Amino acid sequence: MLHPDLVIAICLAYVAILFAVAFAGDRRARRDSGGWLSSPLVYTLSISIYCSSWTFFGAVGSAARNGLEFIAIYLGPTIVFVGWWVFLRKLVTVGRVHNTTSIADFISARYGKSQTLGAVVTLIAVIATAPYISLQLKALTDSFQVLTLPRGAVTAASSTIEPDYVLAFWIAAGLCVFSIIFGVRNIDVNERHHGVVAAIAVEAVVKLVALLAVGLWVVGLSDWDPALVFAGAPASIIDPAETFGPRWLTLLFLAAAAVICLPRQFQVTVVENSDNRQIRTASWLFPLYLLLLCLFVIPIAIAGLERLPAGSNPDLFVLTLPMQENYNTLTLLAFLGGFSSATSMVIVSSIALSTMISNHIVMPLALRLSLLPQAGAEAMRHFILTTRRCAVVFVVLLGLIYLRASNSDALAAIGLISFCGVAQFLPSLVGGLYWSRATAAGALVGLVCGLVLWGYTLVLPSFGGTALMSASTIADGPFGVLWLRPHALFGLNGYDPLVHAVFWSMTANVLLFVLVSLAREPTPLARFQSMLFVDVFRRQTETEQRIIRRTARIADLRQIAERILGPAEATALFADREVRRSIIAGDNMISRVEQRLAANVGAASARSLISRVVSDETISVQELKRLAGEAEQIRAYSEELERKSRQVEATAAALAAANQRLREVDAQKDEFLSQISHEVRTPMTSIRSFSDILLAEPAMQEEQKLRFLNIIQNESSRLTRLLDSILELDLLRTASARHAPVDFDPEDVLTSAMESCEALAHTAGTTLVRLRSAASVTLSGEPDKLAQIFINLISNAIKYNDAPKPKVSVSSSSSGGVYEVRVEDNGRGIAKQDHERIFLKFERGPVVGHQGAGLGLSISRQITEQFGGKLFLDESGKSGACFILQVPISGREG
Amino acid sequence: MKHWESRTRNVRDAAAILPVAAIFLLLPPVILIFSAPVLIANIPLIVLYVYGVWAGLILIALMVALRVEEAGRNGKNEPDEA
């Protein structure tokens with residue numbers, strides 16, 4: 001035996017070293033956060049808290065009892081870590097990107113920052129960890145008692161020792177102190193505990209060295225001869241076929257789940273992770289650590305069975321073997337190894353759980369019941385830290401109570417109860433990372449049902465017929481209902497209780513998770529969070545602010561930040577010049593504050609804190625749609641395309657219309673030009689004709705000359721007026737109301753028109769006669785226009801008259817409110833079928849040699865219509881053509 | 001470079017296949033083949049098999065990790081999911 005005082009002194013010295021390491025680690029981390037503390041090696045060693053005293057003592061015990069079964073507990077994590085690329089990488093990246101503080105925070109954040117879910121996860125974690133912590137306390141107490149038992153190792157190992165609960169209490173108290181000092185000293189942004197991690201890394205090395213030393217020593221006892229080492233091997237190792245049944249599969253699954261879902265594993269693997277390099281190295285280094293730790297488990301177990309008296313507790317072989325051979329140093333080393341593995345597990349578990357309890361149970365409750373201190377920042381920080389310290393004590397105390405209540409002796413059995421409990425997180429965790437349709441309701445129902453079934457089929461029976469569940473209930477079911485027996489639920493008989501419990505709880509959990517998720521639509525926030533988690537590799541740059549539009553008063557925001565973060569950090573947070581000037585905070589600012597708060601009190605609590613001061617919150621549906629997966633993106637894209645093509649179509653239609661309009665205008669322009677040239681041509685012709693006559697016949701009478709000159713002048717001024725109106729560009733517009741209409745006598749116009757044509761008639765040798773004249777009437781409109789019609793008609797009659805003695809006669813009359821002018825010639829007339837055609841544009845009479853656009857009649861008709869009259873050919877069938885113009889008399893008939 | 005890309009993909013595939021291979025090798029029926037009561041060099045076959053598979057997995061994982069790191073150094077970033 002070793003003297004208790006000596007053992008205590010060594011323990012205290014060891015703890016003092018750990019304190020020093022933790023202290024140095026914290027200080028170093030403050031100076032330089034990227035130093036060796038965040039190296040992949042330290043990260044891997046911290047993950048090795050997976051190997052608690054269950055491994056250190058229990059693996060040998062399990063090997064001695066059940067042969068190779070113990071390896072499954074280490075092969076499960078090996079599979080997860082060598083397969084890091086598939087799952088762990090994504091989990092760790094999401095955790096790092098979203099500043100996750102615990103597994104409860106992770107699950108609650110994934111499912112729309114649900115507070116209920118966070119609380120349920122925390123509850124399950126606390127319940128599931130209690131047996132595990134009790135396991136460590138039991139291992140610590142047992143090993144200490146064995147080490148200091150006065151009667152010697154052999155007796156100690158073979159006799160049943162009454163557990164010393166006073167000792168267990170003091171050990172628990174010591175662990176609480178260490179956890180509180182290093183784990184709950186500050187509220188860190190990322191919940192990373194560098195000091196603790198450093199201490200754990202040291203402990204990881206100590207336990208590996210201790211177990212390897214004992215292993216090497218044991219193999220050395222057999223002279224390094226495999227034949228001797230395996231000489232006394234039990235049947236379960238020599239002929240292990242029975243090991244690889246359903247229980248093997250179950251253990252592999254549970255261990256693989258536990259290495260992710262255990263709160264302490266989540267803490268060291270995901271929360272303490274700072275870059276991908278760490279997880280990459282851990283992917284092979286951690287399995288290697290496990291392999292080394294397990295290397296000598298079988299030889300130690302065989303040696304223990306061989307050398308120690310039958311009935312010795314196999315869970316303590318690691319300690320009792322060197323004790324029996326009186327290797328005191330080795331014994332102490334083994335004890336320290338066990339001590340290390342147990343303490344590191346309890347410390348990290350209690351820290352992780354205290355964060356979860358304070359963030360997901362106490363804070364939401366305090367928020368709801370308005371229990372938060374209003375005094376100021378210090379009070380608030382004090383409140384959170386106190387909560388966490390109390391939570392640490394509570395968690396360890398719960399382990400102590402479980403130790404007192406449970407009667408299971410084997411370490412492995414206790415540990416597996418915990419594993420089965422935390423495995424309930426797996427569906428929500430995996431589903432949350434890969435299935436965007438998974439909802440909070442699904443996760444909640446699955447978790448609760450898994451919890452209930454786990455409790456009923458595994459936890460309650462583990463107390464072995466106490467008040468919680470009587471022995472008769474275990475044997476025959478509650479109230480004798482056989483199909484409700486905890487170990488044979490619904491008649492599922494003949495399975496190991498663990499396999500049975502895992503089967504029912506996981507089946508119910510997964511099934512309900514999937515079904516309820518499919519049954520209900522997630523909220524917009526949940527949908528958004530799910531996209532962030534599921535597509536983490538594609539959307540690391542996405543931030544909440546782009547999707548969620550919120551506004552809040554800066555003062556309110558600052559008050560919250562100060563209360564939780566403290567004045568220094570709050571000032572730094574609001575130091576921005578822009579922020580200082582404004583009153584209302586935008587999305588950016590709110591998200592930043594929420595992120596910082598989330599790091600301290602968890603995402604769900606931070607959200608509810610912020611939402612108290614946020615005055616207006618909308619989630620942009622547009623943005624959500626944009627995020628909604630590839631298919632949705634493609635749909636949005638094709639919608640966009642459709643919209644674009646519709647736009648293009650509309651533009652094309654507008655273009656076509658514009659083109660059409662252009663053509664019309666162009667045609668109008670052509671028409672205008674020909675009209676102009678025609679109108680200009682008519683007076684020009686008469687001017688030229690009269691001047692020709694004047695020049696050709698110098699002997700003309702003065703009176704005649706004067707008359708001709710008069711005509712020339714009239715025509716010139718008409719031409720000037722015409723050009724004036726062209727300059728005004730009035731003609732392009734449709735004719736009506738260009739000039740204020742004037743009242744005039746058409747007879748005067750007719751007379752002057754005939755005078756204009758006289759020269760033409762003279763040249764052509766045509767006789768131009770005026771027959772009947774109408775009484776004086778008044779028309780309203782433009783006299784020049786009417787003159788144009790008359791000149792057109794008369795000059796046409798002259799030009800196209802091919803009779804030997806051409807003669808054109810003009811007559812006018814007025815009757816029944818209509819003023820009528822007839823222009824007749826004695827030519828060959830116009831064929832009946834051409835009567836209408838000649839009024840079309842660009843049609844000419846059938847005489848060759850006459851130039852002109854062929855617009856005269858068409859223009860004349862248009863003008864007539866503007867006067868409200870008609871222009872047509874007489875169809876009475878006489879020889880020659882007779883054009884008739886009828887215009888209604890507007891004003892007073894005189 | 002094509003050669004480089006295909007190598008990166010090989011690493012990615014190996015990383016994804018590794019856990020599947022591990023499960024295949026460590027579950028019945030494969031593991032039952034090696035659980036016959038046979039001694040090799042005085043060591044039970046199953047012990048050699050399980051520890052052998054374990055060590056093999058670690059070795060391949062180490063190679064994958066090194067390759068991924070190499071890819072991360074050569075390429076812009078660590079080869080991401082396709």
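Analysis parameters
Numbering of residues begins from 1 in every chain and follows the order in which that chain's sequence is written. Note on labels: chains are lettered from A, ligands numbered from 1, in written order. pLDDT decides what is reported in this predicted model: residues at 70 or higher carry local features, side-chain atom pairs at 80 or more are listed and counted, and totals for whole chains, interfaces and linings draw on all residues regardless. Each side-chain value is worked out from all heavy atoms of the structure, with water and hydrogens disregarded. Only runs of H or I of at least four residues qualify as helices and only runs of E of at least two qualify as strands under DSSP, and these elements are numbered from the N terminus. Think of it in three bands: residues with accessible area under 20% of the maximum for their type are buried, residues over 50% are exposed, and the middle band is partly exposed, with areas taken using a 1.4 Å probe on protein chains only. Residue contacts are defined here by distance: any two heavy atoms, one from each residue, within 4.5 Å place the two residues in contact. Accessible surface is estimated by sampling points in the Shrake-Rupley manner with a 1.4 Å probe; for residues, cover comes only from the protein chains shown. A pair of strands is considered paired only if DSSP assigns at least 2 bridges between the two. To get an axis, a line is fitted to the C-alpha atoms, and for a helix only the part in contact is used. The angle between two axes follows their N-to-C directions and goes from 0 to 180 degrees. Throughout this description, any angle smaller than 35 degrees is read as roughly parallel, any larger than 145 degrees as roughly antiparallel, any in the 65 to 115 degree range as roughly perpendicular, and the remainder as oblique. Here a crossing is called left-handed whenever its near helix is offset anticlockwise from the far helix by less than a right angle, and right-handed whenever the offset is clockwise. Each residue is assigned to one class: nonpolar for Ala, Val, Leu, Ile, Met, Phe, Trp, Tyr, Cys and Pro, charged for Asp, Glu, Lys and Arg, and polar for all the others, Gly among them. Residues grouped as a nonpolar core are buried Ala, Val, Leu, Ile, Met, Phe, Trp, Tyr and Cys residues, joined through side-chain atoms within 4.5 Å. Each patch is built from salt-bridge-free residues with over 30% relative accessible area, joining like charges within 9 Å and nonpolar side chains (Val, Leu, Ile, Met, Phe, Trp, Tyr) within 5 Å. We define a salt bridge as a contact between a side-chain nitrogen of Lys or Arg and a carboxyl oxygen of Asp or Glu at a distance within 4 Å. Buried area adds together the accessible area that both of two parts lose upon being put together, with accessible area traced by a 1.4 Å probe. Think of a polar contact as two N or O atoms within 3.5 Å of one another; within protein, one of them needs to be a possible hydrogen donor and the other a possible acceptor, and neighboring residues in sequence only count if both atoms come from side chains. Here is the rule: rings of Phe, Tyr and Trp (six-membered ring for Trp) pair when centre to centre is within 6.5 Å. Planes less than 30 degrees apart are stacked, more than 60 are edge-to-face, and the remainder are tilted. Only lysine NZ and arginine CZ atoms are considered, and such an atom sits over a ring when it is within 6 Å of the ring centre and within 35 degrees of the ring normal. Known as pLDDT, the predictor's confidence for each residue is given on a scale from 0 to 100. Only protein atoms enter the 1 Å grid used here. Points where a 1.4 Å probe fits but cannot escape make up a cavity, open sets with protein on both sides within 12 Å along at least five of seven lines make up a pocket, and a residue lines them when an atom lies within 4 Å of a point. Grid points are joined across faces, edges and corners, and a volume is the space filled by probe spheres set on the points.

*Asks:* What's the story with the overall build of chain A in this structure? I'm lost.
*Replies:* Across its full length, chain A holds 37 helices and 10 strands. For chain A, buried positions account for 56% of its 894 residues. Relative to all contacts within chain A whose residues are 6 or more apart in sequence, the contacts with residues 24 or more apart total 80%. Carbon and sulfur atoms provide 59% of the accessible area of chain A, an area that totals close to 37500 Å².

*Asks:* Explanation requested: the sheet that holds strand β7 (residues 807–815) of chain A in the structure shown.
*Replies:* Across a sheet, paired strands are connected by hydrogen bonds in the backbone, their directions being either parallel or antiparallel. All names here are of chain A. Taken in spatial order, the five strands line up as β5-β7-β8-β10-β9 in an open sheet, and their pairing is mixed. Looking along the sheet, the strands with just one partner apiece sit at the ends: β5 (767–770) and β9 (870–873). Strand after strand, the sheet turns through a mean of 15 degrees between neighbouring axes, direction not considered. Bridge count for β5 against β7 is four bridges, and the pairing is parallel. When the sheet's bridge partners are listed, T767 is paired in β7 with K807. With respect to the sheet, helix α35 (residues 746–764) is in contact with β5, β7 and β8 (818–825), its orientation differing from that of β5 by roughly 165 degrees. Against the sheet, helix α37 (residues 856–866) engages β9 and β10 (882–888), with an angle of about 140 degrees to β9.

*Asks:* Help me understand the packing of helix α6 (residues 103–110) of chain A against helix α7 (residues 115–148) of chain A, please; the structure alone is not making it clear to me.
*Replies:* In a packed pair of helices, the relevant descriptors are the angle between the two axes and the axis-to-axis distance. All names here are of chain A. Taken N-terminus to C-terminus, the directions of α6 and α7 make an angle of 150 degrees; their axes are 8 Å apart at the nearest point. The angle between the axes of α6 and α7 places the two elements in the roughly antiparallel class. For α6 against α7, the interelement crossing comes out right-handed. From α6, I103, A104, I107 and S108 reach across to α7, where they touch L117, G118, V121 and T122. Its residues assigned to classes, the contact of α6 with α7 comprises five nonpolar, three polar and no charged.

*Asks:* Would you take a moment to explain the pairing of β9(A) for this structure?
*Replies:* Looking down a regular strand, the side chains alternate between one sheet face and the other. Residues and elements named next belong to chain A. Alternating positions in β9 separate cleanly, L871 and L873 being buried on one face and K870 and F872 remaining unburied on the opposite face. Of the strand pairs in this sheet, β9 and β10 are connected by four bridges, and their pairing is antiparallel. Within the sheet, the bridge partner assigned to F872 lies in β10 and is I884.

*Asks:* Would you mind showing me how to read the nonpolar core here?
*Replies:* The nonpolar side chains of a soluble globular protein tend to be buried, and buried together. Grouped together as the largest cluster of nonpolar side chains are 231 residues, with contacts concentrated most on A:Y50, A:F70, A:L91, A:I300, A:F419, A:F425 and B:W54. Dropping the residues within four chain positions of it, A:F70 is found in contact with A:A59, A:S62, A:A63, A:C294, A:V297, A:I298 and B:Y51. Counting 39 residues, the second-largest nonpolar core is a separate cluster that includes A:F790, A:V808, A:I859 and A:V887.

*Asks:* When you look at unusual backbone geometry in this model, what are you seeing that I'm missing?
*Replies:* Keep in mind that most residues, glycine aside, have a negative phi and that most peptide bonds are trans. Residue and element names in this part refer to chain B. In this structure, the amide linkage connecting P28 to the following residue, P29, adopts the cis form with an omega of 10 degrees. The topology assignment puts P29 in the loop between α1 (2–26) and α2 (30–33). Look at A41: it is not a glycine, yet its phi comes out positive at around 50 degrees. Mapped onto the elements of the fold, A41 is located in the loop between β1 (39–40) and β2 (43–44). A positive phi angle, near 65 degrees, is found at N42, a position not held by glycine. In this fold, N42 is placed in the loop between β1 and β2. According to the relative accessible area criterion, N42 is partly exposed, its value standing at 37%.

*Asks:* How should a nonpolar patch on the surface be read in this particular structure?
*Replies:* Residue and element names in this part refer to chain A. A cluster of nonpolar side chains, namely V86, V430 and Y434, defines an oily patch on the protein surface of about 210 Å² accessible area. Position of V430 relative to the elements: it lies in helix α21 (residues 425–434). The exposure class of V430 is partly exposed, given its relative accessible area of 31%.

*Asks:* Mind showing me how you'd approach the interface of chain A and chain B here?
*Replies:* Where the parts come together, the accessible area they lose is often given as the size of the interface. Listed by partner, the interface residues are 37 residues for chain A and 37 residues for chain B. Of the roughly 3300 Å² buried at the junction of chain A and chain B (both faces included), carbon and sulfur atoms supply 76%. Across the chain A-chain B interface, the total number found is three residue pairs in polar contact (both at pLDDT 80 or more). For the side of chain A that touches chain B, the element with the highest residue contribution is helix α15 (residues 276–294) of chain A, accounting for nine residues. Broken down by class, the residue content of the side of chain A that touches chain B amounts to 30 nonpolar, four polar and three charged.

*Asks:* I would appreciate a short explanation of the side chain of A:S340 in the present structure.
*Replies:* Residues and elements named next belong to chain A. Here S340 shows up in helix α18 (residues 328–369). In this structure the side chain of S340 is engaged in a polar contact, spanning 2.4 Å, whose partner is the side chain of Y14. Each residue touching S340, except ones within four places of it in the same chain, is listed here: Y14, E203 and V206.

*Asks:* Please explain the pattern of salt bridges as it appears in this structure.
*Replies:* Pairing is possible between side chains that carry opposite charge, provided their charged atoms lie close to one another. All names here are of chain A. Following the criterion strictly, the structure yields 17 salt bridges over all chains and no others. Among the ionic pairs, R247 bridges to D496, the shortest N-O distance being 2.8 Å. Taken together, the residues span a long stretch of sequence, with R247 in helix α13 (residues 246–261) and D496 in the loop between α23 (471–476) and α24 (497–519) at a distance of 249 residues. Given a relative accessible area of 28%, D496 falls into the partly exposed group. The closest approach of N and O atoms between E664 and R661, which form a salt bridge, is 3.8 Å. With E664 and R661 both in helix α33 (residues 629–696) and three residues apart, the pair spans about one turn of that helix. Exposure remark for E664: the relative accessible area of 41% places this residue in the partly exposed category. Three or more residues are tied together by salt bridges with common partners; here these are E69, R247 and D496.

*Asks:* How do you make sense of helix α25 (residues 524–534) of chain A when you look at a structure like this?
*Replies:* It helps to recall that an α-helix has 3.6 residues per turn; residues three or four apart then point in one direction. Of all the 11 residues making up α25(A), nine are buried; the element is thus mostly covered by neighbouring parts of the structure. Looking only at α25(A), the buried set comprises A:L525, A:A526, A:F528, A:Q529, A:S530, A:M531, A:L532, A:F533 and A:V534.

*Asks:* Quick question: what am I supposed to make of the packing of aromatic side chains here?
*Replies:* Think of a pair of aromatic rings as described by two things: how far the centres are apart, and how the planes are tilted against each other in angle. Enumeration according to the criterion identifies 25 aromatic pairs over all chains in this entry. The interplanar angle of 5 degrees and the centroid separation of 3.9 Å between the aromatic rings of B:F34 and B:Y49 together place this pair among those described as stacked. A residue pair is termed long-range when its members are at least 10 positions apart, and B:F34 in the loop between α2 and β1 and B:Y49 in helix α3 (residues 45–74) qualify at 15 residues. By relative accessible area, which is 27% here, B:F34 ends up partly exposed. Classification of B:Y49 by relative accessible area gives buried; the value is 10%. One aromatic cluster is present, built from ring pairs that chain together A:Y50, A:W54, A:F70, A:Y74, A:F81, A:Y132, A:F286 and A:F419. Its end group placed over the ring of A:Y434, A:K90 keeps NZ or CZ at 4.4 Å from the ring centre. Just above the ring of A:Y132 sits the side chain of A:R264; from NZ or CZ to the centre is 4.5 Å.

*Asks:* Sorry, what's going on with the confidence of the model for chain A here?
*Replies:* It should be kept in mind that the predicted coordinates are not to be read in detail where pLDDT is low. On average, chain A scores 80 in pLDDT, and the residues at 70 or more come to 86%. The low-confidence segment residues 847–853 of chain A (pLDDT under 50) makes nine contacts with residues lying over four places distant or belonging to another chain.

*Asks:* Sorry if this is basic, but what is going on with empty space enclosed by the protein here?
*Replies:* Once rolled over the atoms, a probe with the size of a water molecule shows which space is left empty. Residue and element names in this part refer to chain A. Within this structure, the stated rule accounts for three cavities of 30 Å³ or more. Estimated volume of the largest cavity: approximately 50 Å³. Every residue lining the largest cavity is listed: H193, V196, V197, I200, Q267, V268, E272, V348 and I351. Only α10 (194–221), α14 (263–271) and α18 provide two or more residues apiece to the lining of the largest cavity. At three residues, the largest contribution of residues to the lining of the largest cavity is made by α10. Its residues assigned to classes, the lining of the largest cavity shows six nonpolar, two polar and one charged.

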